[in-house]
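A look at the structure
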Amino acid sequence: MKRIFSGVQPSGIPTIGNYIGALKQFVELQETYETYYCVVNEHAITVAQEPDILRENTRKLAALYLALGVDPNQSKIFIQSHVPAHAQAGWIVQCLTPLGELERMTQYKDKAQKQQSVLAGLLAYPALMVADIILYQSDLVPVGDDQKQHIELTRNFVDRFNHRFGTKKAPLLKKPEMFTPKAGGRIMSLQDPTSKMSKSDANDKGFISLLDPPKRIEKKIKSAVTDSSGEISYDPVNKPGVSNLLDIYSAFSTYTVDELVNQYQNQGYGALKKDIADAIISVLEPMQQRYEHWLASDELDDVLRDGATAASEVANETLAILEAAIGFR
């Protein structure tokens, strides 16, 4: 069985963009892959965090994994900092990664512009992301397409490491592939459909949180930017708002985008928006009930403890390979 690793930062409650781009795939892929799903709290501290809030958000995100349908009997669910091999391997990767590759990371440039003082970890965190992936000898990494640059960084690192320390017949590290959903790999802001949906958006009408109540979801979808034509068609360049809504609807239903375009051809934006809100609520409302159960349950801590133990066994095997290769063992 091929192996998957992926993780999400506990920097607030994920949006439906995070759900469509990655979390939805977590549930689907666990049926046919060996899956390791992590709450990447070490990545979260690349920007300032309040300790109590970070602890709370870490636990909330783990509860959301379970509420969305990630099954601890099928998947290993754990917190990144509970597996020390991540930080250890991250340092090795950092020392073998050219500075220029890190400086070219688009997300680093974007985030650095928003910081008065840029911490070194913000530049180096893609190296830790590489370590996260290679530690589990991952075959596949389910992420949104905004993470393509980081997956390429990982693949380049694997090539360099195997060339320097391994052989063609016996590579030391596995080269991962990126997995994105067929539709909706990049969900855009409801208020600015030329920008990615983000939970840090100053305008909270631009995103839908996985914990938004039904009335708030309805209100946000109703106010979503479209255009003045009233024509429902899929054209991300000329009709980004409508196209974004169609991607969202498709991801929360069994319909393809083409089917939705045909279905709503003569109905206008009002009917489309109402049905989109209903589709989102039908998925999120029962998930929110399961979330409250997991968050209040001691079982959550047991799941995370067992997940960290199982993840450590695999991660430590790869860490030993890295350390032996560079001369630590």
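You'll find the structure just up there.
We now turn to the structure provided with this report. Here the structure is a predicted model, which is why all the values come from computation and not from measurement. (Residues numbered from 1 in each chain as written. Predicted model: local features only at pLDDT ≥ 70, side-chain atom pairs only at ≥ 80, totals over all residues. Heavy atoms only, no water.)

Moving on, we come to helix H1 (residues 16-29). Between its first and last C-alpha atoms H1 spans 18 Å; for 14 residues at 1.5 Å apiece the expected length is 20 Å, and the two agree. The largest bend along H1 reaches roughly 40° and is located at Ala22. Taken across its 14 residues, H1 has 11 buried, putting it largely inside the fold. Looking at H1, one finds that the buried residues are Ile16, Gly17, Tyr19, Ile20, Gly21, Ala22, Leu23, Lys24, Gln25, Phe26 and Leu29. Between a side-chain oxygen at the N-terminus of H1 and the backbone nitrogen of Gly17 the separation is 3.0 Å; the capping residue is Thr15. (Helix = DSSP H or I, 4+ residues; strand = E, 2+ residues; numbered from the N terminus. Expected span 1.5 Å × (residues − 1). Bend = angle between axes of the 7 residues up to and from the residue. Buried < 20%, exposed > 50% of the residue type's maximum accessible area, 1.4 Å probe, protein only. Polar contact = N/O pair within 3.5 Å; in protein donor to acceptor, adjacent residues only side chain to side chain.)

Attention now goes to the side chain of Gln107. Along the polypeptide, Gln107 turns up in helix H6 (residues 106-113). Setting aside residues no more than four positions away along its own chain, Gln107 makes contact with Tyr125, Asp146, Gln147 and His150. (Contact = heavy atoms within 4.5 Å.)

It is worth spelling out the pairing of strand E2 (residues 34-39) at this point. Along any regular strand the residues' side chains alternate between the sheet's two faces. With 5 of its 6 residues buried, E2 lies for the most part within the structure. Note: strand E1 (residues 3-8) against E2, 6 bridges, orientation parallel. In the sheet register, Phe5 faces E2, and the bridge partner there is Tyr36. Note on the crossover from E1 through H1 to E2: the handedness is right-handed. Inspection of the sheet shows E2 paired to strand E3 (residues 75-79) by 5 bridges, in the parallel sense. If you follow Val39 over to E3, its bridge partner there is Ile79. (Pairing = 2+ DSSP bridges. Right-handed = clockwise from strand over helix to strand, strands pointing away.)

Pairs can form between side chains of opposite charge once their charged atoms are near each other. Tallying each qualifying case throughout the model produces 15 salt bridges. Its salt-bridge partner being Arg59, residue Asp301 comes within 3.1 Å of it at the nearest N-O pair. One end of the pair, Asp301, is in helix H13 (residues 299-326); the other, Arg59, is in helix H3 (residues 51-68), and 242 residues separate them in sequence. The exposure class of Asp301 is partly exposed, given its relative accessible area of 30%. We classify Arg59 as partly exposed; its relative accessible area is 24%. Ionic contacts of the salt-bridge type, sharing partners, join the residues Glu152, Arg155 and Glu177 into one network. (Salt bridge = Lys/Arg side-chain N within 4 Å of Asp/Glu carboxyl O.)

Here we take up the packing of aromatic side chains. Applying the stated criterion across every chain yields a total of 10 aromatic pairs. For the ring pair Phe26 and Tyr65, a centre distance of 5.6 Å and an interplane angle of 80° mean the geometry is edge-to-face. You can see Phe26 sitting in helix H1 and its partner Tyr65 sitting in helix H3, a full 39 residues away along the chain. For the pair Phe26 and Tyr65, one class covers both residues: buried. Ring geometry for Tyr249 versus Tyr255: centroids 6.4 Å apart, planes at 80°, classification edge-to-face. With relative accessibility at 6%, the residue Tyr249 sits in the buried group. (Phe/Tyr/Trp six-rings, centres within 6.5 Å; stacked < 30°, edge-to-face > 60°.)

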